[in-house]
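# An overview of the molecular structure
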Amino acid sequence: MTFELFLQHFINGISLGSLYALIAIGYTMVYGIVRLINFAHGDIIMLAAYFVFFGVGLFHMPWWLAALFSIVLTALVGMGIEKAAYKPLRDAPRISILISAIGVSFFLENFGIVVFGGRPQAFYSPEVFQRVIKLGNVSIISLGIIIPIIAITLLLGLVYVVNNTRTGMAMRACSKDIDTAKLMGIDVDRIISLTFGLGSALAAVGGIMWGLKYPQLHPLIGIMPGLKCFIAAVVGGIGNIPGAMLGGFILGLGEILLVAFLPGLSGYRDAFAFVILILILLFRPTGILGEKVAEKV
Amino acid sequence: MNLLEVKNITVKFGGLTAVSDFSLSLKKGEIVGLIGPNGAGKTTAFNAITGIYKPTSGGINFGGKDITRMQPDKITKLGIARTFQNIRLFSNLSVLENVLVAHHLRLKSSFAAAMLRLPGYLREERAMRKEAEELLGGLALSRFMDEKAGSLPYGQQRRLEIARALATHPKILLLDEPAAGMNPKESHELMEFIEEIRDKFDLSIFMIEHHMQVVMGICERILVLDHGVTIAEGSPEDIQGNQKVIEAYLGVETDA
Amino acid sequence: MKSTAKILLSIAAILLFFVFLYWAQKNLDPYKVRILNLCAINIILTLSLNLTNGFTGLFSLGTAGFMAVGAYVSALLTMPYDIKTMNFFMVPINPVLAELHAPFIAALILAGIVSTVVGFLIGAPVLKLKGDYLAIATLGFGEIISVVFTNTQTITNGALGLKGIPQYTILYWSWGTAVIVIIGLMMLLNSSYGRAFKAIREDETAAQAMGINLFYHKLLSFSISAFIAGIGGALLGNLISTIDPTMFRFSLTYQILLMVVLGGMGSITGSVISASIMTVIMELLRAVESPMNLGFISLPGIPGMRMVVFSALLIAVALFMRRGIMGEKEFSWDMLFGKGAGRRESA
Ligand SMILES: Nc1ncnc2c1ncn2[C@@H]1O[C@H](COP(=O)(O)OP(=O)(O)OP(=O)(O)O)[C@@H](O)[C@H]1O
Ligand SMILES: [Mg+2]
């Protein structure tokens, strides 16, 4: 493999990794606060992509407006899901919330099939994203650079919000100890709702960019990225925001490089994440950046 | 000879040292108490002995075997049983089933033999049922036998937890605040009960207890923890007069 | 009631039921027979999932994957040589597999065994996980099995799937297996091992402190569940005669999960009841997917609507009917007669 080719794969991996990172954040933030794997998070990605699709196709919005509209709408959907399906079960056994989450995920997928149609559709991709950029001997599509730039900007923005704003502080307090946070006068319901909104908005950006990268829309497109990004969150250490980013990049890069170096295995591309999951669980169950917590007995 | 030998164990959680340099030797038939203010690390010491937490350093030896990093179920099989500070019964199982579960560790039949009800298994099942019923009878729990463990009154739940621990046939019994929530009369009965089972089942007992009356009443030896550090060890009289202990408890509830 | 009387009553009920099946196999139209077969298969699958999720507290979502393994094993063992080679027109079948053949009973058992081996291999690493972690890991592995089957073309014929699997699954096979699974599980769960499973479900830490080897018992439960799911998948494959990897994906697992939850996690009879009801409801719901003519207005069919209803039901059960139909209780003769007696007294 020439260096140029490697560089091409590398950039591709970074761009996939940054998408994973964006989506993984949502899992980790929600898990950090309510200890729930939001099974529907993957399907949120799918919704966001479809919102853009319909915004442009049906309502003739300019592309940027459709994207904006999709992000807001997706955030609202994320918050709505929390209100309708998770909040009533906050004091129920965890298994009930888990089942409810699975139900929501399954519902969104089937709802998608009924409303959006089961056939794959082509996603609109504005011309700016498709320009070929030449860097010496390496030629890349502009999207491959735009994705990581947007993703990394958003991730840094999120880190800033979480570390430096009052809301961010409240979020961290809730994830440390939700009962104490409540006693300290933090409006826990609002924080949880915001967390879902923020996580979903980031996932929406991820989903839209996913649609640009893989322009085949289908109501089930969210499932595999959903599972993989959850794994990314676990690899990085669930509940840990920088961890989710790290996990996302590891998975994205790993997946692309695996296919690049061992093309014979390209059919098993989707299995790569699960092999990583097993390895991590065997050797470092709390993830790379996660701290070890022994259950209190 | 010492049955249990805990040598200088330290348990850390991240930056917090919950137990530091803790040592204990327990002889056959002894009743030893562990006291200390809230958060002193008593339960953590228990968890380290029973394998639920792995000590950061130090070693634990039981009957000549090194059990420091053993899984909790192996340790129980070797003969150390325990109760929990916040009762952990199998709430949806019946009282009898709770005790039967504790017999499972001695079961010889394979799952296939058990499923097919082969004679060997039936014999084992009958024997464990008989023993469990006797045990429950001895603990005045017979009449609750078929009730769900979770529906029992608090005091009975504590008793059942002890019964369940006894059913594993331990050599050492660790009791984590067995008298919690009991009034003086009840804790007095509990004291007698503990001595009784010690004799009947040939046990050594290591117990955490806040009720001074209970600790002072039946323990031959007492260890005092404060912030993870063993600040005193000795007979009940020694402990009562120990200045450090009094200071550790000052301002901290000395219920009893 | 005396326990011997209860056993006799149960045997009588089962015999009576098989008399009904004998009649049904001969007299009912193929569509109704198929629904009855599906009932039995869904009962088997629901019980398989209930063993881990309801009785052992292991929230597993790998059922569809194990079914796939079972279905393919049995299909490859029961399909005649010619049909096999005809199926594999893109990439030829592995010659050893082409020659393999076994009677249905052996194929079923082997389907179960291979599925158990796969279950064991997956379970050994993932059963260290708890709760929703385990759920997502097993779900992932279920999906991976379908990915693998799409890629192993010389064995599974890849995405093309297998067509023309002999339709050996008749009522005696499906219901015979269901009855064996029901009785087998009842015996297992009422044994010391079953108590150990339930103890793990109730409180893992306490169970381990009582000397129960968590890993061994979890793996045991998981493997038995995989065994049953494998057989269920085999029966399904030999009923519908066409299988492909996409059939065995999460959607199938979720359908079975709904049956488990609806029946009551930790209730065998609950699973039997809910699997039967849901199978029938799923068939009735086909109506919403086909065009309807209400006389004054004709509605177009909405493909996929069935699953929307289905998933909405799953959320509703989680929200409003947490304990399902039976909770952890079992239907018993005492319940039936006890209630009857009560009513008579009050009258
Ligand atoms: N799993 C754990 N992770 C982190 N910290 C822990 C864990 N278990 C215990 N601790 C901490 O270790 C310290 C000792 O706790 P421990 O439960 O052993 O105290 P204790 O002496 O039993 O107190 P009490 O009288 O309240 O039962 C406490 O500060 C506690 O918060
Ligand atoms: Mg304690």
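Worth saying up front: this structure is predicted, and the values here are computed from it rather than measured.

### Focus on the overall build of chain A
Scanning chain A for helices and strands turns up eleven helices and four strands. Seen through its C-alpha atoms, chain A measures out along the principal axes to roughly 60 × 50 × 35 Å. Considering only intrachain contacts with a sequence separation of at least 6, the fraction spanning at least 24 residues in chain A is 74%. Carbon and sulfur atoms provide 69% of the accessible area of chain A, an area that totals close to 12700 Å². Charged side chains of chain A number 19 positive and 14 negative; the gap between the two group centres comes to 3 Å.

### Quick notes on the overall build of chain C
Of regular secondary structure, chain C possesses 17 helices and four strands. Taken over C-alpha atoms, the radius of gyration comes to 21 Å for chain C, in line with the 20 Å a tight globule of 347 residues would show. In terms of overall dimensions, chain C has a C-alpha envelope of 70 × 65 × 40 Å along the principal axes. For chain C, long-range pairs separated by at least 24 residues make up 80% of all intrachain contacts whose partners lie at least 6 apart in sequence. On chain C, roughly 14000 Å² of surface is accessible, and the fraction owed to carbon and sulfur atoms is 71%. One way to put it: in chain C the 22 positive side-chain charges average out to a point 6 Å from where the 15 negative ones average out.

### Examining the interface of chain B and chain C
At the interface, 34 residues of chain B touch 27 residues of chain C. In this assembly, chain B packs against chain C so that about 2600 Å² is buried in total across both faces, 61% of it on carbon and sulfur atoms. Across the contact surface, chain B and chain C share two salt bridges. Where chain B touches chain C, the interface holds twelve residue pairs in polar contact (both at pLDDT 80 or more). Counting only elements with at least two residues in the side of chain B that touches chain C, the list comes to α2 (72-78), α3 (95-101), α4 (111-115), α5 (119-138) and α6 (154-166) of chain B.

### Quick word on the coordination of the magnesium ion (ligand 2)
Residues and elements named next belong to chain B. Looking at the metal site, the magnesium ion (ligand 2) is ligated by Thr43 (OG1) and Gln85 (OE1), spaced 1.9 to 2.0 Å from it. Highlighted residues: threonine 43 in helix α1 (residues 42-49) and glutamine 85 in the loop between β6 (80-82) and α3, separated in sequence by 42 residues. Using a relative accessible area of 15% as the deciding quantity, one classes threonine 43 as buried. A relative accessible area of 32% means that glutamine 85 is categorised as partly exposed.

### Observations regarding unusual backbone geometry
Backbone geometry places B:Asp21, a non-glycine residue, at a positive phi of 55°. For B:Asp21, a relative accessible area of 45% corresponds to the partly exposed category. The backbone of C:Asn157 shows a phi angle near 70°, a positive value even though the residue is not glycine. For C:Asn157, the location among the structural elements is in the loop between α8 (153-156) and β1 (162-163). Residue classification places C:Asn157 among the buried residues on the basis of a relative accessible area of 4%.

### Re the interface of chain C and chain A
Accessible area lost when the parts come together is the quantity often used to give the size of an interface. The interface of chain C with chain A comprises 42 residues on the first partner and 44 residues on the second. Summing the contributions of chain C and of chain A, the shared interface buries around 3700 Å²; its carbon and sulfur component is 80%. A per-residue breakdown of the area chain C buries against chain A is headed by C:Asp132, C:Tyr133 and C:Ile136, which together make up 19% of the total. For the interface between chain C and chain A, the tally reads zero salt bridges. The interface formed by chain C and chain A contains two residue pairs in polar contact (both at pLDDT 80 or more). Those elements that provide at least two residues to the side of chain C that touches chain A are α6 (104-126), α7 (131-151), α13 (250-263) and α16 (305-320) of chain C. Ranked by residue count, the leading element in the side of chain C that touches chain A is α7(C), at 13 residues. Classifying every residue of the side of chain C that touches chain A by side-chain character gives 30 nonpolar, seven polar and five charged.

### Regarding the confidence of the model for chain C
Residue and element names in this part refer to chain C. Model confidence for chain C is summarised by a mean pLDDT of 90, while 96% of its residues fall at 70 or above. Between residues 340-347, whose pLDDT stays under 50, and residues either more than four places distant or in other chains, the model counts zero contacts. Here the predicted complex scores 0.91 on pTM and 0.92 on ipTM.

### Focus: the packing of helix α9 (residues 223-236) of chain A against helix α10 (residues 241-261) of chain A
Helix packing geometry: the angle between the two helix axes and the distance between the axes. All names here are of chain A. Where α9 meets α10, the axes come as close as 7 Å, and the angle between the chain directions of the two elements is 120°. On the basis of the axis angle, α9 is oblique to α10. Where α9 crosses over α10, the handedness of that crossing is right-handed. Side by side, α9 and α10 meet where Lys228, Ile231, Ala232, Ala233, Val235 and Gly236 of the first sit next to Gly243, Ala244, Gly247, Gly248, Ile250, Leu251 and Glu255 of the second. In terms of residue class, the contact of α9 with α10 is made up of seven nonpolar, four polar and two charged.

### A look at the nonpolar core
Formed by 268 residues in total, the largest nonpolar core has its most connected members in A:Phe39, A:Tyr86, B:Leu160 and B:Leu173. Each residue touching B:Leu160, except ones within four places of it in the same chain, is listed here: B:Leu89, B:Val95, B:Asn98, B:Val99, B:Leu136, B:Leu141, B:Ala149 and B:Leu152.

### A look at the pattern of salt bridges
Under the criterion given, the structure shown has 25 salt bridges over all chains. With a shortest N-O distance of 2.7 Å, B:Arg88 and C:Asp203 are connected by a salt bridge. Residue B:Arg88 is found in the loop between β6 and α3, and its partner C:Asp203 is found in the loop between α10 (192-202) and α11 (204-209); the two belong to separate chains. Judged by its relative accessible area of 11%, C:Asp203 is buried.

### Digging into the packing of aromatic side chains
Residue and element names in this part refer to chain A. This structure, assessed with the given rule, holds 32 aromatic pairs over all chains. Centre to centre, the rings of phenylalanine 6 and phenylalanine 261 are 6.3 Å apart; their planes meet at 50°, and the pair counts as tilted. Here phenylalanine 261 lies in helix α10 and phenylalanine 6 lies in helix α1 (residues 3-34), a separation of 255 residues in the sequence. In this structure phenylalanine 6 comes out as partly exposed when scored by relative accessible area, which is 27%. Between tyrosine 50 and phenylalanine 53 the ring centres are 6.2 Å apart and the planes differ by 80°, which places this aromatic pair in the edge-to-face class.

### Let's talk about the pairing of strand β3 (residues 31-35) of chain B
Residue and element names in this part refer to chain B. Taking burial as the measure, the five residues of β3 include five buried ones, the bulk of the element. Every second residue of β3 is oriented toward a common face, with Ile31, Gly33 and Ile35 on one face and Val32 and Leu34 on the other, all of them buried. Strand direction decides the pairing type here: β3 and strand β8 (residues 204-208), joined by four bridges, are parallel. Bridging across to β8, glycine 33 finds its partner in methionine 207.

### Topic: the side chain of C:Asp203
At 3.1 Å, the side chain of C:Asp203 forms a polar contact with the backbone nitrogen of C:Thr205. At 3.1 Å, the side chain of C:Asp203 and the backbone nitrogen of C:Ala206 are in polar contact. Setting aside residues no more than four positions away along its own chain, C:Asp203 makes contact with B:Arg88 and B:Phe90.

### Details of a nonpolar patch on the surface
A cluster of nonpolar side chains, namely C:Ile105, C:Ile109, C:Leu110, C:Ile113, C:Val114, C:Val117, C:Phe120 and C:Leu121, defines an oily patch on the protein surface of about 680 Å² accessible area. In this structure C:Val114 comes out as partly exposed when scored by relative accessible area, which is 32%.

### Some remarks on the environment of C:Leu49
All names here are of chain C. Note that leucine 49 resides in helix α2 (residues 30-55). Taking the relative accessible area as the measure of exposure, leucine 49 reaches 1% and is therefore buried. Placed 210 residues apart in sequence, leucine 49 and methionine 259 show a C-alpha to C-alpha distance of 9.4 Å.

Reading the values: the criteria
Residues numbered from 1 in each chain as written. Chains lettered and ligands numbered in written order. Predicted model: local features only at pLDDT ≥ 70, side-chain atom pairs only at ≥ 80, totals over all residues. Heavy atoms only, no water. Helix = DSSP H or I, 4+ residues; strand = E, 2+ residues; numbered from the N terminus. Contact = heavy atoms within 4.5 Å. Areas by Shrake-Rupley, 256 points an atom, 1.4 Å probe, with all protein chains shown as cover. Lys, Arg positive; Asp, Glu negative; His and termini not counted. Charge placed at Lys NZ, Arg CZ, Asp CG, Glu CD. Rg over C-alpha atoms; globule rule 2.2 N^0.38 Å. Buried area = accessible area lost by both parts, 1.4 Å probe. Salt bridge = Lys/Arg side-chain N within 4 Å of Asp/Glu carboxyl O. Polar contact = N/O pair within 3.5 Å; in protein donor to acceptor, adjacent residues only side chain to side chain. Donors = N, O, S within 2.8 Å, 3.2 Å for Na, K, Ca; no water. Buried < 20%, exposed > 50% of the residue type's maximum accessible area, 1.4 Å probe, protein only. Nonpolar A, V, L, I, M, F, W, Y, C, P; charged D, E, K, R; others polar. pLDDT = per-residue confidence, 0-100. Axes fitted to C-alpha atoms, helices over the stretch in contact; angles between N-to-C directions. Parallel < 35°, antiparallel > 145°, perpendicular 65-115°, else oblique. Left-handed = near helix turned anticlockwise from the far one by under 90°. Core = buried A, V, L, I, M, F, W, Y, C linked by side-chain atoms within 4.5 Å. Phe/Tyr/Trp six-rings, centres within 6.5 Å; stacked < 30°, edge-to-face > 60°. Pairing = 2+ DSSP bridges. Patch = residues over 30% accessible without salt bridge, like charges linked within 9 Å, V, L, I, M, F, W, Y side chains within 5 Å.

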